[in-house]
Structure formats: C-alpha cells, structure tokens
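# Chain and residue survey
Listed below are the residues making up each chain.
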Amino acid sequence: MSVIVKNTTESIKYLIENAAKKAIFEGLLQSAELTPFAVEVPADRSHGDFAVNAAMVWSRVFRTNPRAIAEAIVSNLELEGTYIDRAEIAGPGFINLFLSDNYYADIVSDVIAKGADYGCSEIGKGKKIMVEFVSANPTGPMHVGNARGGALGDCIAAVLEKAGYDTFREFYINDAGNQIAKFGLSLDIRYKQLFDETVEMPEEAYHGQDIIDHAKNFAAIHGDKYLKVTEEERRDALVKFALPQNIEGLERDLKKYRIVYDNWFV
C-alpha cells in the first residue's frame, strides 16, 4: 500500500474529529467525548471514495439525529490542502468524501518512484511463515480446482513476502492412506487387464486414462513378470513406478504458471 493511501485514511479521521470539535465550540453540537468511528471504502463508488459513519455513531453521544450531526460536521470541514475534493451527506447521516485528482496523480507518481518496491512493507519484520497450498492428491493429474488453489496460494505467499515475511512455500505430498491403496488397486487391475480382458474394474477404483497409461508403460518395461508375484508386491511396485511420475507431472504443471515450491514434503 502507498503511504499516501494510509495517510489519507488517517487524515480523514483527524478532519472529521476536528470538524466535530469546531461544531461543539460554535454551539452546533453539545459538548461530548468523541468515540471511535469507521472510515470505509463504499461498495458503490458513486457514493464517494470514502464513507464515514461518525454521525451515526455519535447520535447517542450528542443526543440528536445523525443527519443534524453530519450537517454540523460537514459545515466545519477544512479541506484546503488535503486530498479531499468535497463532502456530501447521504441517507440518515453518512458522510461521503470524494478525492481530488491530485490524490490519484500523487499515487501514480509514488508507484513510478518506488518501482518494484511499491507495495512493500516491514509488517512481517523477517518472521518466518510457511504457506502450504495445492497439496493435490498425487494419485492423478491436477484438475482445475487444484490449479485455482495454486494461483491463490502463490499470490498469498507473494503478498506475505512483500510485507516483509520470510516466506516458505510447501506442497504436502499425501502418499499414504486410502487414496494410495485405491491407486495401487486401480493400477493392479489395469495391469492385469493387459493380459486378461476378463478381469473387471471395481466401481470404487480410479477409472482415468492416466491409470491405463501407467499400467501400459509399466508392462512395456516388465512384461508379465509381476503377474507371478504376490498382490501386495505387485501393487507396491506399480505405485513406486507411477507415483513419482504423477508428482513430477504436478510439479511440471505448476511451473507452467510460475509456481515453484521451496519444499515438496512427504
């Protein structure tokens, strides 16, 4: 964030509080202690660049309706020398503020001056933080949901880096449990089907083309050798053959849109 944006938000709070104090001095509002209020960016920018709810918050403090409070504040706003071009009262008492062209011109100048360092801060102060994202099931190729998670995770990591954190990207490879057992089952059936078409594929198995391709590639190297071993040994060999290729595929696909991990954790 540009320092201009941050300073403008803070200056708005000062302008509103100062205007309220002047209104109290002039007798437009009764004497009271000013409580915190919000300065927000409206969803509809036709309502202003910033919206202030001070008059709504202070209705109990001043014991009068928010619209009257807003009118007293706006009439005492001192905007000269600020980035605020004008103020308008909306609805029951919201104060909408509109920025001048100078604000945007100075923002652009700030972006140009800072170059690649624009948006950097020291909020993180070098604290270590790990962002673990995507961590897709390694039993198959990446899908659109995984790809979306990659873009989101990498952007979050980049923002944290800009904020001064020592950021570490990690992909957790979940190579154990039910999905690996199902992976081994699926590879086993597809491998056996290459030599016996009567072998049926269970409904709960993985039916993707990638499983067939792995089985064919495995058979091209080992032939029917693994039909003569135990089911456990055969499935273990098939998983050890196919899983690294899937992981390499995930890494390769992620690199296509410039996502590189510091660690692939098993």
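As the structure is a computational prediction, the values presented were derived from the model and not from experiment.

The next subject is the overall build of the chain. Along the chain, the regular secondary structure elements total nine helices and seven strands. Principal axes of the C-alpha set define a box for the chain whose edges measure 100 × 40 × 30 Å. Counting every position in the chain, which comprises 266 residues, the buried fraction comes to 37%. A sequence separation of at least 24 residues applies to 64% of the contacts in the chain between residues at least 6 apart.

Below, the discussion takes up the side chain of N96. When you line up the elements, N96 lands in strand β4 (residues 94-99). For N96, a relative accessible area of 8% corresponds to the buried category. Leave out the neighbours within four places in its chain, and N96 touches H47, G48, F50, A51, R86, A87, E88 and A90.

So, on to the nonpolar core. One finds V134, F171, L254, Y261 and W264 to be the most contacted residues of the largest nonpolar core, which totals 30 residues. For this core, the element with the most residues is helix α9 (residues 231-256), which contributes nine residues. Sequence-distant contacts of Y261, defined by excluding residues within four places in its chain, comprise F133, V134, R169, E170, F171 and L254. Membership of the second largest hydrophobic core comes to 28 residues, among which are I16, I69, I84 and I107.

Here the focus is the packing of helix α8 (residues 209-222) against α9. Viewed as axis vectors pointing N to C, α8 and α9 meet at an angle of 120°, and their least axial separation amounts to 10 Å. Considered as vectors, α8 and α9 are oriented oblique to each other. For the crossing formed where α8 meets α9, the hand is right-handed. Counted together, H214, N217, F218 and I221 of α8 and A237, L238, F241, A242, Q245 and N246 of α9 form the full contact between these two elements. Considering only residue class, the contact of α8 with α9 consists of six nonpolar, four polar and no charged.

Now for α8. Structural remark: α-helix, 3.6 residues per turn; residues separated by three or four positions point the same way. The terminal C-alpha atoms of α8 lie 20 Å apart, and with 14 residues this matches the ideal 20 Å at 1.5 Å per residue to within 8%. Burial in α8 covers these residues: I211, H214, A215, F218 and A219. Each buried residue of α8 lies within a common arc of 130° when the element is viewed along its axis, so the set occupies one face. Residues of α8 that are exposed and point over 90 degrees away from its buried face: A220 and I221. On the buried face of α8, the contacting elements are α7 (178-193) and α9. A positive phi of about 60° marks G223, the residue just after α8.

Moving on: the pairing of strand β6 (residues 166-172). The sheet contact formed by strand β5 (residues 128-132) and β6 spans five bridges and is parallel. Paired with V131 across the bridge in β6 is R169. In this region the chain leaves β5, passes through helix α6 (residues 144-162) and returns to the parallel neighbour β6; the handedness of that crossover is right-handed. Bridge analysis of β6 against strand β7 (residues 263-265) gives three bridges, and the strand direction is parallel. Considered in β7, the bridge of E170 is made with N263.

On to the layout of surface pockets. The gaps left among the atoms become clear once a water-sized probe is rolled over them. Taken as a whole, the second largest pocket encloses approximately 150 Å³ of empty space. Taken together, G140, P141, M142, D210, H214, Q245, N246, G249, L250, R252 and D253 form the lining of the second largest pocket. Listing elements by their share of the lining of the second largest pocket, those giving two or more residues are α8 and α9. Counting residues per element, the lining of the second largest pocket draws most heavily on α9, at six residues. Here the residues of the lining of the second largest pocket sort into three nonpolar, five polar and three charged.

Another aspect to go through is the side chain of R234. As for its position among the elements, R234 is in helix α9. A distance of 3.1 Å separates a polar atom in the side chain of R234 from the backbone oxygen of Y226. In contact with R234, other than residues within four places in its own chain, are D188, Y191, K192, Y226, L227 and V229.

On to the sheet that holds β5, then. Strands sit in the order β5-β6-β7 across an open sheet of three strands; the sheet is parallel. In the strand order of this sheet, the two ends are held by β5 and β7, each with one partner. Strand-to-strand twist in this sheet, taken as the mean axis angle between neighbours without regard to direction, amounts to 35°. Its contacts with the sheet place α6 against β5 and β6, and it is angled at close to 160° to β6. Packed on one face of the sheet, α9 meets β6 and β7 and runs near 145° to β7.

About the criteria used
- Residues numbered from 1 in each chain as written.
- Predicted model: local features only at pLDDT ≥ 70, side-chain atom pairs only at ≥ 80, totals over all residues.
- Heavy atoms only, no water.
- Helix = DSSP H or I, 4+ residues; strand = E, 2+ residues; numbered from the N terminus.
- Buried < 20%, exposed > 50% of the residue type's maximum accessible area, 1.4 Å probe, protein only.
- Contact = heavy atoms within 4.5 Å.
- Core = buried A, V, L, I, M, F, W, Y, C linked by side-chain atoms within 4.5 Å.
- Axes fitted to C-alpha atoms, helices over the stretch in contact; angles between N-to-C directions.
- Parallel < 35°, antiparallel > 145°, perpendicular 65-115°, else oblique.
- Left-handed = near helix turned anticlockwise from the far one by under 90°.
- Nonpolar A, V, L, I, M, F, W, Y, C, P; charged D, E, K, R; others polar.
- Expected span 1.5 Å × (residues − 1).
- Arc of directions from axis to C-beta.
- Pairing = 2+ DSSP bridges.
- Right-handed = clockwise from strand over helix to strand, strands pointing away.
- 1 Å grid on protein atoms, 1.4 Å probe; cavity = no way out; pocket = protein on both sides within 12 Å on 5 of 7 lines; lining within 4 Å.
- Points joined across faces, edges and corners; volume = space filled by probe spheres on them.
- Polar contact = N/O pair within 3.5 Å; in protein donor to acceptor, adjacent residues only side chain to side chain.

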